[in-house]
Amino acid sequence: MKLKMAIFELTGCGGCELTFIMLNEKLEDILELYDIAHFKMISSKEDLHKYDVAVVAGSVSTERDLKVLESARKKSRILLALGTCAVHGGPQSLILDEDLEGALAEIYGKKVPKEMKIFAGTPISEYVKVDVEIPGCPPESNDLFQALVDLAHGVVPYKWDYPVCLECKINETECVLVKRGIPCLGPITLGGCNAVCINLGIGCIGCRGPLPEDVNIPSEYEILKSLGISEKTIKRKLRMFSKRVSLNDHEKNLYK
Amino acid sequence: MHYKKLPKEFLEEFINRLRKWGEVHAPQKKGKNTYFFSRLDDPSKVQIDYTRTVIPPTKKYVLRPVEPLMLFHGDRAEEHTLRTTKLVLFGVHACDINALKILDRVYLSEPRDPYYEIRRKNIVIIGISCMPDDYCFCKSMGTDYAMSGFDLFLHELRDGYLIRVGSPMGHEITWNISDILEEVSEEDIEYLKKFEKQRLSSFKRHVDISAMPDILDLAYNSRVWERYSERCLGCGNCTLVCPTCRCFETYDVWLSVNTSMRVRRYDSCFMVSHGLVAGGHNFRPTRLDRFRHRYYCKSYFDPIHGINCVGCGRCDEFCPAGIKHIEVLNEVIGEIYGR
Ligand code: SF4
Ligand code: SF4
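Everything numeric in this text was worked out from a predicted model, so none of it was measured.

A. Representation of the site of ligand 1 in the model. Near ligand 1, the surroundings consist of Val164, Cys165, Cys168, Lys169, Cys175, Val176, Leu177, Cys184, Gly186, Pro187 and Ile198 of chain A together with Asn237 of chain B. Residues close to ligand 1 are split across chains A and B. Among the secondary structure elements, those contributing two or more residues to the shell around ligand 1 are α7 (164-170) and α8 (176-180) of chain A. Considering only residue class, the shell around ligand 1 consists of nine nonpolar, two polar and one charged.

Here it is, written out as structure tokens:
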């Protein structure tokens, strides 16, 4: 019997959901294993009962997001966070809670609609239990494929913990940080992208988010500073994709 | 040892003739100053004066960075057929040749690794002499000269290369190409001596390893590890480029709904999951544990066979945090024995 899958979209650019469609011929494999019960990007038809797997993309940035997320969690056995917004908060999490009002005023002027209830972009794991995380902006469609086939076979998907540097070295690419003094977040960013940016000669911007467990932000900060980059730029760079990089902890460590 | 001379004008001819014994792979350049071993189609592309490659050639061709091991079709498992192209590695440095002996000890003792063994048997090694740069410390490790482990070894001369023949295969090659080789002259020997003298006096980094295992025994709780591990990013670059690091990760990848492939890929002891075992226990839970572990693995665990480091300098050249292996060791030695 096929499993039932649903894909939910919170605040994001839509690129994560697109990676599902971009499975291309592998989509046929997935459709052998799953029935798609809910996926607004491809069909307005929906089945709102129970799901085996709920895939959630985007961060929680509005009240509507939170409602969708909570109901997805309630109705599904396994919840998979897809993409850096869902896993880490994404670029929209650059705005902190205390700056929200100012940000709203800047966009909407004085006429902020009353019914608009927004939060700073937040990883979904801050609200519900998440079973599988696949970060990436956009995520690799093969990561999604592996996880979905794993889950259908009752296998727990791998939780990788190697940085971008690992694949960069396997490719024997010129290290842009060491050899050319170009800022690169590769050492603190989760790998799995085959170091695609470095293959093109540009530094990693950290779109897959920080390493899941041990991540040395203070040391990366010092390296970037030694390249002559301003403190403000470094902070924005480090926080660009992830709310999980806590600058407060980082500052504490930095000056201890 | 048997010596021959290759006149400089025959270098490209020599490389082309080597193709008889296998596909020639040699150091080539990418970017500003990054070197890597790859198939050499045009002998004029060879970077004979290269410093060091990213992945050591001797490791790269016997222990592939990523390699399929098995295929699974439903319940059926099938071993992946090994590709056994004969290879000639042209231009391998002495440190890497000596590192291969360490890998051999690991992968060719029982239980032998069949993937390693079949590749190892199909490799011809042509060494080449080099001048140390700012990172080299092979002299301190006693690995700056290769006395064995190669088929031919080329030493730079003013107008050619002095060839040392190191194996029956080496004899076969020199025999076959005798028309482009000459006898070594007194003048060549004089040049070789001068070159060696200059080489030996050019090292900028030194470490005294005579008491290393004992020192590390006493230094387990040293503050030096702690201090450096605060700077270490845990990125694993140092281990991935190391010619003696040989850990791999094995995992399965789905190719379709019912077929999958078992793959192995270089791994690093700097990854948190490297020390994770069944039941969820991690025997190297902190970065300090992982950082220190590398030094113990390189210089302590195997005192009978010697040290698992050949001083190639890769870990230092490629560390984004600028941590220098030998500085760390020297600080530890200084702390224990004040020397
Ligand atoms: S270029 Fe970046 S990702 Fe690649 S090895 Fe250097 S620091 Fe790591
Ligand atoms: S390369 Fe440097 S920063 Fe990276 S794990 Fe090794 S010692 Fe640490």
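B. Structural context of the site of ligand 2. By nearness alone, every residue bordering ligand 2 is listed as Cys232, Leu233, Gly234, Cys235, Gly236, Asn237, Cys238, Phe270, Cys319, Pro320 and Ala321 of chain B. Partitioned by chemical class, the residues of the shell around ligand 2 number eight nonpolar, three polar and no charged.

C. Structural view of the nonpolar core. The biggest cluster of nonpolar side chains holds 81 residues, and the ones touching the most others in it are Ile198 and Leu238 of chain A together with Trp225, Phe291, Ile323 and Val328 of chain B. If sequence neighbours within four positions are ignored, Trp225 of chain B has contacts with Leu216, Ala219, Tyr220, Leu288, Phe291, Arg292, Tyr295, Tyr296, Val328 and Val332 of chain B. Counting residues in each nonpolar core, the second largest holds 27 residues, with Ile30, Ala57, Leu82 and Leu151 of chain A among its members.

D. The arrangement of the interface of chain A and chain B in detail. With 35 residues of chain A at the contact, the number on the chain B side is 45 residues. Approximately 3400 Å² of surface area, both sides summed, lies buried where chain A meets chain B, with 57% of it carried by carbon and sulfur atoms. For chain A, the biggest contributors to the area lost against chain B are Lys169, Glu172 and Lys179 of chain A; these three give 22% of the whole. Applying the counting rule to chain A against chain B returns four salt bridges.

E. Representation of the sheet that holds strand β4 (residues 66-73) of chain B within the structure. All names here are of chain B. Strand order in the open sheet formed by four strands is β5-β4-β11-β10, and the pairing between neighbours is antiparallel. The open sheet has two edge strands with one neighbour each: β5 (76-79) and β10 (248-254). Within the sheet, the average angular offset between the axes of one strand and its neighbour, ignoring direction, is 25°. Summarising the sheet, β4 and β5 pair through four bridges and their orientation is antiparallel. By the bridge assignment for β5, His73 is matched with Arg76.

F. Looking closely at the environment of Glu230 of chain B. Along the chain, Glu230 of chain B falls in helix α9 (residues 223-231). Distance from Glu230 of chain B to Asp144 of chain B, taken between C-alpha atoms, is 32 Å for residues 86 residues apart in sequence. The residues touching Glu230 of chain B, leaving out its near neighbours within four places in the chain, are Asn216 and Ser219 of chain A together with Arg287 of chain B.

G. Fine view of the state of the cysteines. Residues and elements named next belong to chain B. For the coordinates displayed, the defined rule picks out zero disulfides over all chains. As a non-bridged cysteine, Cys312 has Cys95 as the owner of its nearest cysteine sulfur, 5.4 Å distant. Residue class for Cys312 comes out buried when judged on its relative accessible area of 9%. Of the cysteine sulfurs around Cys315, a residue in no disulfide, the closest is that of Cys312, at 6.3 Å. Taking relative accessible area as the criterion, Cys315 reaches 11% and is therefore assigned buried.

Analysis parameters
- Residues numbered from 1 in each chain as written.
- Chains lettered and ligands numbered in written order.
- Predicted model: local features only at pLDDT ≥ 70, side-chain atom pairs only at ≥ 80, totals over all residues.
- Heavy atoms only, no water.
- Near = heavy atom within 4 Å.
- Helix = DSSP H or I, 4+ residues; strand = E, 2+ residues; numbered from the N terminus.
- Nonpolar A, V, L, I, M, F, W, Y, C, P; charged D, E, K, R; others polar.
- Core = buried A, V, L, I, M, F, W, Y, C linked by side-chain atoms within 4.5 Å.
- Buried < 20%, exposed > 50% of the residue type's maximum accessible area, 1.4 Å probe, protein only.
- Contact = heavy atoms within 4.5 Å.
- Buried area = accessible area lost by both parts, 1.4 Å probe.
- Salt bridge = Lys/Arg side-chain N within 4 Å of Asp/Glu carboxyl O.
- Pairing = 2+ DSSP bridges.
- Axes fitted to C-alpha atoms, helices over the stretch in contact; angles between N-to-C directions.
- Disulfide = S-S within 2.5 Å.

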